[in-house]
Amino acid sequence: QKEVEQNSGPLSVPEGAIASLNCTYSDRGSQSFFWYRQYSGKSPELIMSIYSNGDKEDGRFTAQLNKASQYVSLLIRDSQPSDSATYLCALSSLSGGSYIPTFGRGTSLIVHP
Amino acid sequence: GAGVSQSPSNKVTEKGKDVELRCDPISGHTALYWYRQSLGQGLEFLIYFQGNSAPDKSGLPSDRFSAERTGGSVSTLTIQRTQQEDSAVYLCASSPDAGGTDTQYFGPGTRLTVL
């Protein structure tokens, strides 16, 4: 059974700080990794995708992947109250010829002014 | 352009009734996924369609759940003899292909309440 583990939080950070969201996974065969943001009552939307070890930066967001440690993280710099949401870690693994997605339960982030 | 649409947005039904949930993916997207999200929980994968291939049904929780995709576009998720534990938000997502590297675009969801 593929597992994606996230701390449910809430993670509370002050406005302007760096928020660090972490995710571990069990399937070493996982190939693609995603961070989705989900506002309360809304659908998930993609923030970042990462496929190879290292860092990937996009604006205020940086995704970090370490396949040896089976660990993926999301850093949000200069956090804003509008970043307050649940962040879902997801991965895609080849299973029986299909790329089946697995999502974590999400980490709730609260950015307070 | 239009995103993924789902209907109805809300559905209240009585235990034991059948329900049909509809998903209209983004035009041209070959991959379509159904998920279930219970309150405070993550997304539970249900079923996956890729083009004209046989769907991957490995996530369906019981044989009361079924789905079809007509003409490689619109999909319908059917839940027969609904139970209270089926109450959740059902999300549909589509993706340009099924290589596992593409973004999934989610619809607004259908909130199902089984009384």
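Residues numbered from 1 in each chain as written. Chains lettered and ligands numbered in written order. Predicted model: local features only at pLDDT ≥ 70, side-chain atom pairs only at ≥ 80, totals over all residues. Heavy atoms only, no water.

### Brief notes about the sheet that holds strand β1 (residues 5-7) of chain B
What holds strands together in a sheet is hydrogen bonding between their backbones, with the strands either parallel or antiparallel. All names here are of chain B. Here we have four strands laid out as an open sheet, ordered β1-β3-β7-β6, and antiparallel in their pairing. Two strands close off the open sheet at either side, each with one partner strand: β1 and β6 (65-69). Averaged over all pairs of adjacent strands, the angle between strand axes in this sheet comes to 15 degrees, irrespective of strand direction. As judged from the five bridges shared by strand β3 (residues 19-24) and strand β7 (residues 75-79), these two strands associate in the antiparallel manner. The residue of β7 that forms the bridge with R22 is T76. (Pairing = 2+ DSSP bridges. Helix = DSSP H or I, 4+ residues; strand = E, 2+ residues; numbered from the N terminus. Axes fitted to C-alpha atoms, helices over the stretch in contact; angles between N-to-C directions.)

### Details of the interface of chain A and chain B
In this complex, chain A contributes 18 residues to the contact, which on the side of chain B involves 21 residues. Contact between chain A and chain B buries roughly 1500 Å² in total, counting both sides, with carbon and sulfur atoms accounting for 54%. Our count for the chain A to chain B interface comes out at zero salt bridges. Among the secondary structure elements, those contributing two or more residues to the side of chain A that touches chain B are β4 (32-38), β9 (85-95) and β10 (98-103) of chain A. Here the residues of the side of chain A that touches chain B are counted per class, giving ten nonpolar, seven polar and one charged. (Contact = heavy atoms within 4.5 Å. Buried area = accessible area lost by both parts, 1.4 Å probe. Salt bridge = Lys/Arg side-chain N within 4 Å of Asp/Glu carboxyl O. Nonpolar A, V, L, I, M, F, W, Y, C, P; charged D, E, K, R; others polar.)

### Describing the packing of aromatic side chains
Scanning the model with the defined rule gives eleven aromatic pairs over all chains in all. When the ring of F34(A) is compared with that of Y36(A), the centres are 6.3 Å apart and the planes differ by 45 degrees; the resulting orientation is tilted. When sorted by exposure, F34(A) lands in the same class as Y36(A), which is buried. Centre to centre, the rings of Y35(B) and F106(B) are 5.6 Å apart; their planes meet at 40 degrees, and the pair counts as tilted. Pair noted here: Y35(B) is in strand β4 (residues 31-37) and F106(B) is in strand β9 (residues 105-106), with a separation of 71 residues, a long-range link. Pair check on accessibility: Y35(B) and F106(B) agree, each one buried. What links up through ring pairs into an aromatic cluster is the set F34(A), Y36(A), Y51(A), F103(A), Y33(B), Y35(B), F45(B), Y48(B) and F106(B). (Phe/Tyr/Trp six-rings, centres within 6.5 Å; stacked < 30°, edge-to-face > 60°. Buried < 20%, exposed > 50% of the residue type's maximum accessible area, 1.4 Å probe, protein only.)

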